[in-house]
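Single-letter residue listing:
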Amino acid sequence: QVPGASSIAWSQKSSRDSLLVHPLHLLVDNTLSSTNNLIRISHIIPSKMDISVDNDHNLLLPSIEMPAETNEVAHEALLGAEMPVEETKKIATMATLGSTPFSEDGEEVAHHAIVATEIVPDPVDPPIPDPVLQNAVVLFDPRLPDCRQLLESAKKRGLFVTAVLPKPPKKGLVKSKEFYPAAEDLLDIGVHQVYEPPIGQIFDICECANNLQTIESQQNLRFLGVIPLREAAVDYTDILGAMLGLTVHNDLGLCSGRRDKGLMKQAVANAGLRTAKYARLAAPDGSDVPYAIKNLDLEFPVVIKTPRGMSTMDVYICDTMDEAVKRSAQIVNSIAPDGKKASYSLMEEFLKGDEFAVNLIASPSLPRGVRVTDVWRYNKVVMHGTRVNKWQTMVDPEDKMYHLIVRYAEGVTRAVGIKHGLAHVELMTTFDEKTEKYVDPVMIEVGARLAGGRK
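Residues numbered from 1 in each chain as written. Predicted model: local features only at pLDDT ≥ 70, side-chain atom pairs only at ≥ 80, totals over all residues. Heavy atoms only, no water.

### Considerations on the pairing of strand S19 (residues 386–395)
For step 1, the next point in the chain: Where strand S18 (residues 370–383) meets S19, nine bridges bridge the pair, whose relative direction is antiparallel. Residue pairing across strands places Met383 opposite Thr386, the latter belonging to S19.
For step 2, the next point in the chain: Counted between consecutive antiparallel strands, the loop separating S18 from S19 contains two residues, among which His384 sits at a positive phi close to 55°. (Pairing = 2+ DSSP bridges. Helix = DSSP H or I, 4+ residues; strand = E, 2+ residues; numbered from the N terminus.)

Written out as structure tokens, the structure is:
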């Protein structure tokens, strides 16, 4: 009998019908050992061994030789096992073991009593761990050259890659699958799965979000971000990220300002940064061009462009009034390069100087919210009524010569609400020989995407 513990004795017949009685020592308070509790077995000691405890209530077991027995009694109670108190009355209270609990020779047999030192509440449900989620990213409207690079990066980080094709190419009508891949082409290069709208339906951002959330739930995925791989995908990307419950998306209030060149200039001007003079022209016949030129006090040449274009598509440098009227009417009455009807054309002053491209990355963890990664100087020539880049040269963004360019590009990025991901700012500036710096930068456009002429 251990001081402060209870002693319970019962009997069970062995295989030879002999009556064996042994005590069960519970080193816990009696009030805890209800029939709805479980006993967790932590010690097995010889049944005839004298048990005592020290001042810290630790078991003191004398070192004696184990008594040998002849009859083997089946017993299910092992170290670490759990069983209801009531169940212990139905099984033997002694275990037939060797000289140690781990002996397998079976030559020496000893009967042991069971000592339980812990009571476990009932029911004892094993903890169900949270499902291990697979980190994933969404590539929106990708091209194969971009995918190959991003898939390599995703593989290094163990990311699951899902691609979204808003406009699947029609078989036989696409000349290059590199720039307009089908779902099969993306799967062939390593994309894990592809979403495209059902046959006969146009792309719907809400339907896409519903499908991606279903995939996320069923496949234990956790989308970390949505990456746009074309200029036309920039606004869709932020909306889709928000609908997926992500926090790493750009300012939705300025979503249109990252695509529409007129709203883009408005957002940059509202931030106190210099912008080129511009006007929106909505007349189907271009009759509002002369008034806009006079009102803005512009001189030829002027630039007429579509508001939601990309690269140099539908961008015209007009040297005469007739050409400006013609191009404005052409844009207003046509479909823009992104497949949408242009409601107006945009007229801008023709900027002179040196053109630069500044690439940045945005993150709330950065000191100024954005950081310039690289700067390129364009070498453009006017061909076929537009400016065409023949080659470009990388320059050092840390050079004081480009300090104003870097700060201006950072301001433009923040002005249009780019808070996460990449930005590509194109601007015009002039070189001041006195200070030996580029001064008076002015934005041409900004793209909330990877650089590289992605259409």
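### Describing the confidence of the model for the chain
For step 1, the next point in the chain: Overall, the predicted model of the chain reaches an average pLDDT of 79, with 71% of residues at or above 70.
For step 2, the next point in the chain: Scored below 50 in pLDDT, residues 1–49 makes 143 contacts in the model with residues more than four places away or belonging to other chains.
For step 3, the next point in the chain: Every residue in residues 64–81 is under pLDDT 50, and counting partners more than four places away or in other chains gives 44 contacts. (pLDDT = per-residue confidence, 0-100. Contact = heavy atoms within 4.5 Å.)

### Examining the side chain of Thr413
For step 1, the next point in the chain: Along the chain, Thr413 turns up in helix H9 (residues 403–415).
For step 2, the next point in the chain: Residue classification places Thr413 among the buried residues on the basis of a relative accessible area of 0%. (Buried < 20%, exposed > 50% of the residue type's maximum accessible area, 1.4 Å probe, protein only.)

### A closer look at the packing of aromatic side chains
For step 1, the next point in the chain: Under the definition given, this model contains seven aromatic pairs.
For step 2, the next point in the chain: For the cation-ring pair, Arg327 lies above Tyr316, with the distance from its terminal atom to the ring centre recorded as 4.1 Å. (Phe/Tyr/Trp six-rings, centres within 6.5 Å; stacked < 30°, edge-to-face > 60°. Lys NZ or Arg CZ within 6 Å of the ring centre and 35° of its normal.)

### Some details on the sheet that holds strand S14 (residues 302–305)
For step 1, the next point in the chain: Sheet architecture is open: four strands sit in the order S13-S16-S14-S15, paired in antiparallel fashion. What marks the edges here is a single partner per strand, and that holds for strand S13 (278–281) and strand S15 (315–318). With direction set aside, neighbouring strand axes in the sheet form an average angle of 25°.
For step 2, the next point in the chain: In the sheet, S14 pairs with strand S16 (residues 345–349) via four bridges, with the strands oriented antiparallel. Within S16, the residue paired with Val303 across the bridge is Glu348.
For step 3, the next point in the chain: Running at roughly 145° to S13, helix H6 (residues 261–270) makes contact with S13, S14 and S16 of the sheet.
For step 4, the next point in the chain: The strands that helix H7 (residues 289–296) touches are S13 and S16; relative to S13, the one it contacts most, it runs at about 160°. (Axes fitted to C-alpha atoms, helices over the stretch in contact; angles between N-to-C directions.)

### Description of the pairing of strand S21 (residues 437–447)
For step 1, the next point in the chain: Within S21, nine of the eleven residues are buried, which leaves the element mostly enclosed by the surrounding structure.
For step 2, the next point in the chain: Two elements, strand S20 (residues 421–432) and S21, share eight bridges in a ladder whose sense is antiparallel. Among the inter-strand pairings, Asp432 is bridged to a residue of S21, identified as Lys437.
For step 3, the next point in the chain: Counted between consecutive antiparallel strands, the loop separating S20 from S21 contains four residues, among which Glu436 sits at a positive phi close to 55°.

### Observations regarding the packing of helix H4 (residues 205–218) against helix H5 (residues 234–243)
Two packed helices can be described by the angle between their axes and the distance between those axes.
For step 1, the next point in the chain: Running from amino to carboxyl end, H4 crosses H5 at an angle of 45°, the nearest separation of the two axes being 10 Å. Judged by the angle between their axes, H4 and H5 are oblique. The crossing of H4 and H5 is right-handed. Every residue of H5 that contacts H4 at Ile205, Cys206, Cys208, Ala209, Leu212 and Gln213 is listed here: Tyr236, Ile239, Leu240 and Met243.
For step 2, the next point in the chain: When its residues are assigned to classes, the contact of H4 with H5 shows nine nonpolar, one polar and no charged. (Parallel < 35°, antiparallel > 145°, perpendicular 65-115°, else oblique. Left-handed = near helix turned anticlockwise from the far one by under 90°. Nonpolar A, V, L, I, M, F, W, Y, C, P; charged D, E, K, R; others polar.)

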